[in-house]
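Commentary on secondary and tertiary structure
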Amino acid sequence: FPSHDTKALIRRQDGYVHYNGRRLNVFAAVDFAFSLTKKADNTSIVVVGVDSDHNYYVLDIDRFKTDSIKEYYEHIVRLHDKWGFRRIRAEVPVAQAVIVKDIKENYIKKNGLLLVVEEFRPTTKKEERIHAALSPRYENMQIFHDKGGNWELLEEELVLQNPPHDDIKDCLAACIVTGK
């Protein structure tokens, strides 16, 4: 995996994120999980910056378990404040649609947050979507991220044939598709 110390080269300036002096367009995606059981997926939020050469920089990965809509919102707004993204993509099967509606109406709108939640209803299998979005970009060395922390979890999800969880790589794929 192409990785390097992206943190040292990231700067926020005048409301924009820059990598090594190059302005990035920043996108986020969230994969809601609302079960707190030990084996259940985690909710994941991934933030990605893309430069004018179509290089993707994984800026942040947040992974947690909750069944509280307020807590989902708090994680989203913390990352929004940190990175300034204006759009977050959320996969919305039936149950998640209720979560997104509540977040939009009772949190984003009421707090005047400048954030669009793009609802996504997939029509293809998850593994096919993830592979189509990530494989060519990793092969062309267009995706970069740090090592350690949640980045290790991402790498584990990417290399294992059947990882126990796939929530981070699913969010990364959603960011890539949003940021094309």
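Shown above is the structure to which this text applies.
Here is a short report on the structure shown in this document.

A few points about the overall build of the chain
A tally of regular secondary structure across the chain gives six helices and eight strands. Taken from the N to the C terminus, the helices and strands of the chain come in the order α-β-β-β-β-β-α-β-α-β-α-β-α-α. For the chain, the proportion of its 180 residues judged to be buried stands at 51%. Summarising the internal contacts of the chain: among those between residues at least 6 apart in sequence, 65% fall at separations of at least 24. Of the roughly 9,400 Å² of accessible surface on the chain, 50% is carried by carbon and sulfur atoms.

Some points on the side chain of histidine 145
Considering the arrangement of structural elements, one finds histidine 145 in the loop between strand E8 (143-144) and helix H5 (150-159). Classification of histidine 145 as buried rests on a relative accessible area of 0%. A polar side-chain atom of histidine 145 sits 3.3 Å from a polar atom in the side chain of tyrosine 138.

Quick notes on the packing of helix H2 (residues 69-83) against helix H3 (residues 94-108)
Contact geometry of H2 with H3 gives a least axis separation of 10 Å together with a crossing angle of 70°. In terms of their interaxial angle, H2 and H3 are classed as roughly perpendicular. Handedness of the H2/H3 crossing: right-handed. Judged by residue contacts, Ile69, Lys70, Tyr72, Tyr73 and Ile76 of H2 engage Ile99, Asp102, Ile103, Tyr107 and Ile108 from H3. Counted by class, the contact of H2 with H3 contains eight nonpolar, no polar and two charged residues.

Quick look at the nonpolar core
Ranked by internal contacts, the top residues of the largest apolar core, which has 32 residues, are Phe32, Val47, Leu59, Trp83, Phe85, Ile88 and Ile103. If you list the elements that add at least two residues to this core, you get strand E2 (16-19), strand E3 (22-31), strand E4 (43-50), strand E5 (56-64), H2, strand E6 (87-91) and H3. Looking at this core, the element that brings in the most residues is H2, giving six residues. Isoleucine 88 has contacts with Ala28, Ala29, Val30, Ile45, Ile76, Leu115, Val116, Val117 and Glu118, leaving out every residue within four places of it along the chain. Counting residues in each nonpolar core, the second largest holds 21 residues, with Ala29, Ala133, Ala174 and Cys175 among its members.

So, how was this worked out
Residues numbered from 1 in each chain as written. Predicted model: local features only at pLDDT ≥ 70, side-chain atom pairs only at ≥ 80, totals over all residues. Heavy atoms only, no water. Helix = DSSP H or I, 4+ residues; strand = E, 2+ residues; numbered from the N terminus. Buried < 20%, exposed > 50% of the residue type's maximum accessible area, 1.4 Å probe, protein only. Contact = heavy atoms within 4.5 Å. Areas by Shrake-Rupley, 256 points an atom, 1.4 Å probe, with all protein chains shown as cover. Polar contact = N/O pair within 3.5 Å; in protein donor to acceptor, adjacent residues only side chain to side chain. Axes fitted to C-alpha atoms, helices over the stretch in contact; angles between N-to-C directions. Parallel < 35°, antiparallel > 145°, perpendicular 65-115°, else oblique. Left-handed = near helix turned anticlockwise from the far one by under 90°. Nonpolar A, V, L, I, M, F, W, Y, C, P; charged D, E, K, R; others polar. Core = buried A, V, L, I, M, F, W, Y, C linked by side-chain atoms within 4.5 Å.

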